[in-house]
Amino acid sequence: MRAHFLLTMLTTMLVATAANAELKIDITKGNVEPMPIAITTLTGQGNSNADGERITSVIAADLERSGLFRPISNQAFIEQVSNGDAVIRFADWRQINAQAVVTGTITPLGGDKVRVSFRLWDALGEQQIAGKEYNTFGRNWRRVSHLIADEIYKRLTGENGYFDTRIVYVAESGPAKNRVKRLAIMDQDGENHKYLTDGGSLVLTPRFSPNTQEILYMSYSGNQPRVFLRDLQTGREESLGRFNGMSFAPRFNHDGSRMLMSIASGGTTSIYEMDLRSRSMRRLTNANGVIDTSPSYAPDGHAIVFNSDRGGSQQLYTMDGSGGNIQRISFGTGNYSTPVWSPRGDLIAFTKQYGGQFYIGIMRADGSGERLLTQSWLDEGPSWAPNGRVLIFGREFPGGSSGNRARLYSVDITGYNLREVMTPIDASDPAWSPLLPM
Amino acid sequence: MQSVQSRSLSYSVGLHALLVLIAAFGLPALLPEKHDPVPMVMSVDLLPISEISNVRPSDKPIQEEKHAPSVKTSKPVEPTVKEKPQEKAPPEPKKAEPKPVEKSEPAPSAKPKPEEKKKEAVKPNPKEFAALLNKLKQEAKPEPKTAKDATSAEANKTKSDAPYDNSIPMSMTEKDSIRSQFIPCWRMPAGSKDPHSLAARIKMTLGPDGTVQTAELASDQAGRYASDSFFRAAADAALRAVHQCSPLKGLPPEKYGSWREMELNFDPQDLL
């Protein structure tokens, strides 16, 4: 009986596949051009702080800067959207080659409050594919714009966005001999810029905590350079201890409960881990006469990448969270430094120096698949955007008698879309924040 | 004397022999270093070669020929036909109507151009007939061919009898033509964490003119579409590519049965 049943099933399946003999074609080549997207001005009256036009322009600028989208000029629009909640005329948008269309509304809710909503339409599939509304204060219009850009980015690429983020960096001014270095912070698009320190003492390597509310950095204040923790809300700064030697290159773990840093003492630089609640220290590497530095946790905290000259030249190594199982992962020619584990976990970004040039590169966590993304006279110190797709780094230009020029740049991990990140003055050592908490 | 004779004889024999050799093998064969880099490896694909040759190349010129004049003629005809370009609006046709008349009056004395316009002026008279002709030219491109050669006319007759033979396989060239059409339409998920895992299969049905009638994600991938945002974005990009590339061009009409249903596997395997 059962055999009979199976036989019937088998025959049915065979017949089914025969009837389904449609043409099958593998498409393996496409393009990586930016997607044309139409972002219409939000309809409705905002208030004195927030209006549709300003929000729309921030969304468009965010998406354009990612290099994955090409906002279409509104002069090309055929349909003039008068109600941001209504279904659009898809054919009109296809006519101007828009693949996706953004519409939305802004409604005043009394006082400074507004409701901002958006809808994302697939012009080819003829349907709405995302939509959200935000009730907020008008003065938060910039943040809302970034949040909307993040939603659009996520729906169309599958990846989390990175527009609602901030960048902390070292702002530099003055002559080379007497350089003033201050901590500065700004939105990822350069807005809301402000200085965190007055420049009284030299600061280096600021790093964000996972909750984006604190930063770790190294400061020369008080004679001995050491690591400090700063609360961004209160501006309170605290030293993480005086050690027998200089402490530097700090970095948080994924939940902000621990941090790594290097301590240099008597010709040996070793990596230490500190529990930030108990302030207890643990030494992770211990090799005499060797410089181990620039430690960075894997996103799950179970592994650490760092650079070391223990093999003769500066190379990248990984070890497990307790300092065991040290393995070299970089084998190319040249020196490797400042490794940073991607928040996505798949890649490690680094600075490479070779043949008188500097490069920002990436490799898989096991050291395979090395790719160099940028090359210049001096590129260094990459930091990941929270989605692990974009890197920000410092680039210096030889300036002759007037001193070198230092700027921030970002690049996509595909190696495309290299752009300057605008800063009011010279800048170095950037760190990209995680997504800001809602 | 003898020695001179025998020497000249031997010269003669030798030179004749050389001449014969040259005649037999040709000069290049005697030149020592003139060998071609012959030992090439020929790659041979064993393909199902269809009996009917690929009609596509001859299709294109016909389309182009027909297109160019049809653009010129279509402007005056439009007003009567109420064809596609709705946006171009009433004002244009109004202007267009008087123009042919004005021009056709001084026309006879002028160049070949007026002749065309005369034709146009004639067409509006049997209005709907001309309009229909025009539509037919645009919609069913193979039909002009029927007028030209008898063989394809037969093919067309069978074609118009609809899905005629499922078994005619698509040739490699035809498949390649489809592939190449998707290059500008498909935006690949560049920079994704694991692009190789994002292959999306789209099942679609096509009309006889290559227009995509239905397109959807393969049913076994629907679960992943709902749960995996990366895959959802990749699948949407594949669907957009299918819609953007509609109608597919250069599909052999006589093989409609074999390309009416297609499954495209959008696989970003070449991506870094």
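Owing to the predicted nature of the structure, the values given are computational and were not obtained by experimental measurement.

Analysis parameters
- Residues numbered from 1 in each chain as written.
- Chains lettered and ligands numbered in written order.
- Predicted model: local features only at pLDDT ≥ 70, side-chain atom pairs only at ≥ 80, totals over all residues.
- Heavy atoms only, no water.
- Disulfide = S-S within 2.5 Å.
- Helix = DSSP H or I, 4+ residues; strand = E, 2+ residues; numbered from the N terminus.
- Buried < 20%, exposed > 50% of the residue type's maximum accessible area, 1.4 Å probe, protein only.
- Pairing = 2+ DSSP bridges.
- Axes fitted to C-alpha atoms, helices over the stretch in contact; angles between N-to-C directions.
- Parallel < 35°, antiparallel > 145°, perpendicular 65-115°, else oblique.
- Contact = heavy atoms within 4.5 Å.
- Nonpolar A, V, L, I, M, F, W, Y, C, P; charged D, E, K, R; others polar.
- pLDDT = per-residue confidence, 0-100.
- Buried area = accessible area lost by both parts, 1.4 Å probe.
- Salt bridge = Lys/Arg side-chain N within 4 Å of Asp/Glu carboxyl O.
- Polar contact = N/O pair within 3.5 Å; in protein donor to acceptor, adjacent residues only side chain to side chain.
- Phe/Tyr/Trp six-rings, centres within 6.5 Å; stacked < 30°, edge-to-face > 60°.
- Lys NZ or Arg CZ within 6 Å of the ring centre and 35° of its normal.
- Expected span 1.5 Å × (residues − 1).

Asker: Which parts of the structure should I look at to understand the state of the cysteines?
Answerer: The bond known as a disulfide is covalent and runs between the sulfur atoms of two cysteines. All names here are of chain B. In this structure the tally under the stated criterion is 1 disulfide over all chains. What pairs with Cys185 in a disulfide is Cys245, and their sulfur atoms sit 2.1 Å apart. Of note, the bridge from Cys185 to Cys245 carries an S-S torsion of about 95 degrees and is right-handed in sense. Note that Cys185 is positioned in the loop between helix H10 (172–182) and strand E1 (200–206) and Cys245 in the loop between helix H12 (229–244) and helix H13 (256–259), a separation of 60 residues in sequence. A single burial state applies to Cys185 and to Cys245, both of which are buried.

Asker: Explain the sheet that holds strand E19 (residues 303–308) of chain A to me, please; I cannot follow it from the model alone.
Answerer: Backbone hydrogen bonds are what pair the strands of a sheet, in a parallel or an antiparallel way. Residues and elements named next belong to chain A. If you walk across this open sheet you meet the 4 strands as E18-E19-E20-E21, and the pairing is antiparallel. Looking at which strands have only one partner, the edges of the open sheet turn out to be strand E18 (292–297) and strand E21 (327–328). Pairing of strand E20 (residues 315–320) with E21, which is carried by 2 bridges, proceeds in the antiparallel orientation. Opposite Thr318, over in E21, you have Gln327 as the bridge partner.

Asker: I would appreciate a short explanation of the packing of helix H4 (residues 141–157) of chain A against H12 of chain B in the present structure.
Answerer: Relative placement of two packed helices is described by the angle separating their axes and the distance separating the axes. Contact geometry for H4 of chain A and H12 of chain B: axes closest at 6 Å, N-to-C directions at 70 degrees. When the interaxial angle is binned, H4 of chain A and H12 of chain B end up roughly perpendicular. Residues Lys154, Arg155, Leu156 and Thr157 of chain A of H4 of chain A form the contact with H12 of chain B, whose own contacting residues are Ser229, Phe230, Arg232, Ala233, Asp236 and Arg240 of chain B. Of the residues belonging to the contact of H4 of chain A with H12 of chain B, the class tally is 3 nonpolar, 2 polar and 5 charged.

Asker: What should I look at first to understand the confidence of the model for chain B in this one?
Answerer: For residues with low pLDDT, the predicted coordinates do not support detailed interpretation. Residues and elements named next belong to chain B. Residues of chain B with pLDDT of at least 70 account for 46%, and the chain-wide mean is 65. The low-confidence segment residues 48–125 (pLDDT under 50) makes 49 contacts with residues lying over four places distant or belonging to another chain. Below a pLDDT of 50 lies the segment residues 137–164, which in the model reaches 22 contacts outside its immediate sequence neighbourhood of four places, other chains included. In the model output, the complex is listed with pTM 0.74 alongside ipTM 0.82.

Asker: Please clarify how unusual backbone geometry should be interpreted in this entry.
Answerer: What is expected of a backbone is that most residues other than glycine have negative phi and most peptide bonds are trans. Between Ser246 of chain B and the following residue, Pro247 of chain B, the backbone shows a cis peptide bond with an omega angle of -5 degrees. With respect to the element layout, Pro247 of chain B can be found in the loop between H12 and H13. In this model, Asn192 of chain A sits at a positive phi of 55 degrees, which is unusual for a non-glycine residue. Positive phi values are uncommon outside glycine, yet Ala249 of chain A reaches one of about 50 degrees. The residue Ala249 of chain A is located in strand E14 (residues 246–252) in this model. Given a relative accessible area of 13%, Ala249 of chain A falls into the buried group.

Asker: Sorry, what's going on with the side chain of Ser433 of chain A here?
Answerer: Along the polypeptide, Ser433 of chain A turns up in the segment after strand E30 (426–432). Not counting the four nearest positions on each side in its chain, Ser433 of chain A is found in contact with Thr165, Arg166, Phe208, Thr212 and Pro386 of chain A.

Asker: Honestly, the interface of chain B and chain A in this entry has me stumped. Any pointers?
Answerer: You'll often see interface size given as the accessible area lost when the parts meet. Counting residues at the interface gives 39 residues for chain B and 32 residues for chain A. With both chains or domains summed, chain B and chain A bury close to 3,400 Å², and 52% of this area falls on carbon and sulfur atoms. When the buried surface of chain B facing chain A is broken down by residue, Arg187, Lys193 and Arg240 of chain B rank first, second and third, together holding 21% of it. Across the chain B-chain A interface, the total number found is 2 salt bridges. Across the pair Arg240 of chain B and Asp122 of chain A runs a salt bridge whose closest N-O atoms are separated by 3.5 Å. Counting the contacts that link chain B with chain A gives 18 residue pairs in polar contact (both at pLDDT 80 or more). Secondary-structure elements contributing two or more residues to the side of chain B that touches chain A are H10, H12, H13 and strand E3 (261–266) of chain B. Broken down by element, the residue count for the side of chain B that touches chain A peaks at 8 residues, all from H12 of chain B.

Asker: Would you take a moment to explain the environment of Arg232 of chain B for this structure?
Answerer: Following the sequence through the fold, Arg232 of chain B ends up in helix H12. By relative accessible area, which is 30% here, Arg232 of chain B ends up partly exposed. C-alpha separation for the pair Arg232 of chain B and Ala222 of chain B, spaced 10 residues apart in sequence, amounts to 9.2 Å. Excluding residues that lie within four positions of it along the chain, Arg232 of chain B makes contacts with Arg155 of chain A together with Tyr225 of chain B.

Asker: Would you mind showing me how to read the pattern of salt bridges here?
Answerer: Pairing is possible between side chains that carry opposite charge, provided their charged atoms lie close to one another. Residues and elements named next belong to chain A. For the structure on display, the rule yields 37 salt bridges over all chains. With a closest N to O distance of 2.8 Å, Asp92 and Arg89 form a salt bridge. Residue class for Arg89 comes out partly exposed when judged on its relative accessible area of 48%. Note that Glu238 is salt-bridged to Arg279, the shortest N-O span being 3.1 Å. With Glu238 in strand E13 (residues 237–239) and Arg279 in the loop between strand E16 (268–275) and strand E17 (281–283), the pair connects residues that are 41 residues apart, well separated along the chain. In this structure Arg279 comes out as partly exposed when scored by relative accessible area, which is 31%.

Asker: Sorry, what's going on with the packing of aromatic side chains here?
Answerer: Aromatic ring pairs are described here by two measures, namely the spacing of the ring centres and the angle between the planes. In total, this model carries 15 aromatic pairs over all chains according to the counting rule given. Pairing Tyr256 of chain B with Trp259 of chain B gives two aromatic rings, centres 4.8 Å apart and planes at 75 degrees, and the pair type is edge-to-face. Here Tyr256 of chain B pairs with Trp259 of chain B, and both are found in helix H13, just 3 residues apart, close to one helical turn. Owing to a relative accessible area of 13%, Tyr256 of chain B belongs among the buried residues under this scheme. In this structure an aromatic cluster arises from ring pairing among Phe69, Tyr153, Tyr162, Phe163 and Trp432 of chain A. Cation over ring: Lys352 of chain A sits above Tyr354 of chain A, and NZ or CZ is 5.9 Å from the ring centre.

Asker: Even after reading the chapter, I still don't get the confidence of the model for chain A, so can you show me in this structure?
Answerer: All names here are of chain A. Of all residues in chain A, 95% attain a pLDDT of 70 or more, and the chain-wide mean is 91. Mean pLDDT in chain A bottoms out at helix H1 (residues 2–19), which sits at 49, and peaks at strand E22 (residues 335–341), which reaches 97. A low-confidence stretch, residues 12–19 (pLDDT under 50), is modelled with 0 contacts involving residues beyond four sequence positions or located in other chains.

Asker: Explain helix H2 (residues 52–65) of chain A here, please?
Answerer: Helical geometry note: an α-helix holds 3.6 residues per turn, so side chains three or four residues apart project in the same direction. Residues and elements named next belong to chain A. Here H2 spans 20 Å end to end across 14 residues, near enough to the 20 Å set by a 1.5 Å rise per residue. When H2 is considered as a whole, its buried residues turn out to be Gly52, Ile55, Thr56, Val58, Ile59, Ala60, Asp62 and Leu63. Next to the buried residues of H2 lie strand E2 (35–39), strand E3 (69–71), strand E4 (100–110), strand E5 (113–122) and H4. Regarding H2, its N-cap is Asp51, as a side-chain oxygen of that residue lies 3.0 Å from the backbone nitrogen of Glu53 further along. In the stretch just after H2, Gly67 is the one whose phi turns positive, near 80 degrees.

Asker: Just checking my understanding: could you explain the pairing of E18 of chain A for this structure?
Answerer: Residue and element names in this part refer to chain A. The element E18 is largely enclosed, with a buried count of 6 among its 6 residues. With 4 bridges joining them, E18 and E19 adopt antiparallel strand pairing. Paired with Thr293 across the strands is Asn307, a residue of E19. With antiparallel pairing between neighbouring strands as the criterion, E18 and E19 make up a hairpin whose turn holds 5 residues, including Gly301 at a positive phi of roughly 80 degrees.

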